[in-house]
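Examination of the molecular architecture
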Amino acid sequence: MKLTLYFREYCSLCHQMLAELSPWRERHGFELEVVDVDADPALEARFNELVPVLMDGEAEICHWHLDVAKLAAHLGEIG
């Protein structure tokens, strides 16, 4: 599975979500692509103030803060 984190380098929430995803990646083994929205005008227009946004393909898992319940459900965790 490959998830995408839409990100801004200067965004503290982005860095926080990236750090919080680390144990999830270790436990579930998914690939994480980090994409800087400021490098692509179309992505900047699409996500702008929503970053950070965690996506699986075109499906949004969460934005602004890591929603552990939604991520767990998406990854098929029970609990």
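Here goes a summary of the coordinates provided. Every value quoted in this text rests on a predicted model; they were computed, and no experiment measured them. (Residues numbered from 1 in each chain as written. Predicted model: local features only at pLDDT ≥ 70, side-chain atom pairs only at ≥ 80, totals over all residues. Heavy atoms only, no water.)

Quick word on the packing of aromatic side chains
As enumerated under the stated definition, the model contains one aromatic pair in all. Ring geometry for Tyr 6 and Phe 47: centres 4.3 Å apart, planes at 20°, overall stacked. Here the residue Tyr 6 occupies a position in strand β1 (residues 2-7), and Phe 47 occupies one in helix α2 (residues 41-47), the gap between them amounting to 41 residues. Like Tyr 6, the residue Phe 47 is buried in the burial classification. (Phe/Tyr/Trp six-rings, centres within 6.5 Å; stacked < 30°, edge-to-face > 60°. Helix = DSSP H or I, 4+ residues; strand = E, 2+ residues; numbered from the N terminus. Buried < 20%, exposed > 50% of the residue type's maximum accessible area, 1.4 Å probe, protein only.)

A few points about the nonpolar core
One finds Tyr 6, Leu 21, Phe 47, Leu 54, Leu 66 and Leu 71 to be the most contacted residues of the largest nonpolar core, which totals 25 residues. For this core, the secondary-structure elements that each account for two or more residues are β1, α1 (12-28), β2 (31-36), α2, β3 (53-56), β4 (59-63) and α3 (68-74). Filtering out sequence-adjacent residues up to four positions away, Phe 47 remains in contact with Tyr 6, Val 37, Val 53 and Met 55. (Core = buried A, V, L, I, M, F, W, Y, C linked by side-chain atoms within 4.5 Å. Contact = heavy atoms within 4.5 Å.)

Comments concerning the sheet that holds β3
Taken in spatial order, the four strands make up an open sheet running β2-β1-β3-β4, and their pairing is mixed. On the outer flanks of this sheet lie β2 and β4, each paired with one strand and no other. Sheet twist, expressed as the average angle between the axes of neighbouring strands with direction ignored, equals 25°. Pairing of β1 with β3, which is carried by three bridges, proceeds in the antiparallel orientation. (Pairing = 2+ DSSP bridges. Axes fitted to C-alpha atoms, helices over the stretch in contact; angles between N-to-C directions.)

Thoughts on the pairing of β2
Sheet topology places β1 next to β2; six bridges connect them, and they run parallel. Across the sheet, the residue bridging to Lys 2 is Glu 31, located in β2.

Brief notes about the environment of Ile 61
Residue position: Ile 61 is located in strand β4. For Ile 61, a relative accessible area of 5% corresponds to the buried category. Each C-alpha atom, one on Ile 61 and one on Leu 75, is 10 Å from the other, the two residues being 14 residues apart in sequence. For Ile 61, the residues in contact, after removing those within four places along its chain, are Leu 3, Leu 54, Met 55, Asp 56, Lys 70, Leu 71 and His 74.

Describing the side chain of Arg 8
On the secondary structure map, Arg 8 appears in the loop between β1 and α1. Of the polar contacts made by the side chain of Arg 8, one reaches the backbone oxygen of Asn 48; its length is 2.6 Å. Ignoring any residue separated from it by four or fewer positions in sequence, one finds Arg 8 in contact with Cys 14, His 15, Asp 36, Val 37, Asp 38, Glu 44, Asn 48, Glu 49 and Val 51. (Polar contact = N/O pair within 3.5 Å; in protein donor to acceptor, adjacent residues only side chain to side chain.)

Focus: the pairing of β3
Pairing of β3 with β4 involves four bridges; the strand directions are antiparallel. Along β4, the bridge assignment pairs Met 55 with Glu 60. Counting the residues that bridge the hairpin from β3 to β4 gives two residues, and of these Gly 57 lies at a positive phi of roughly 65°.

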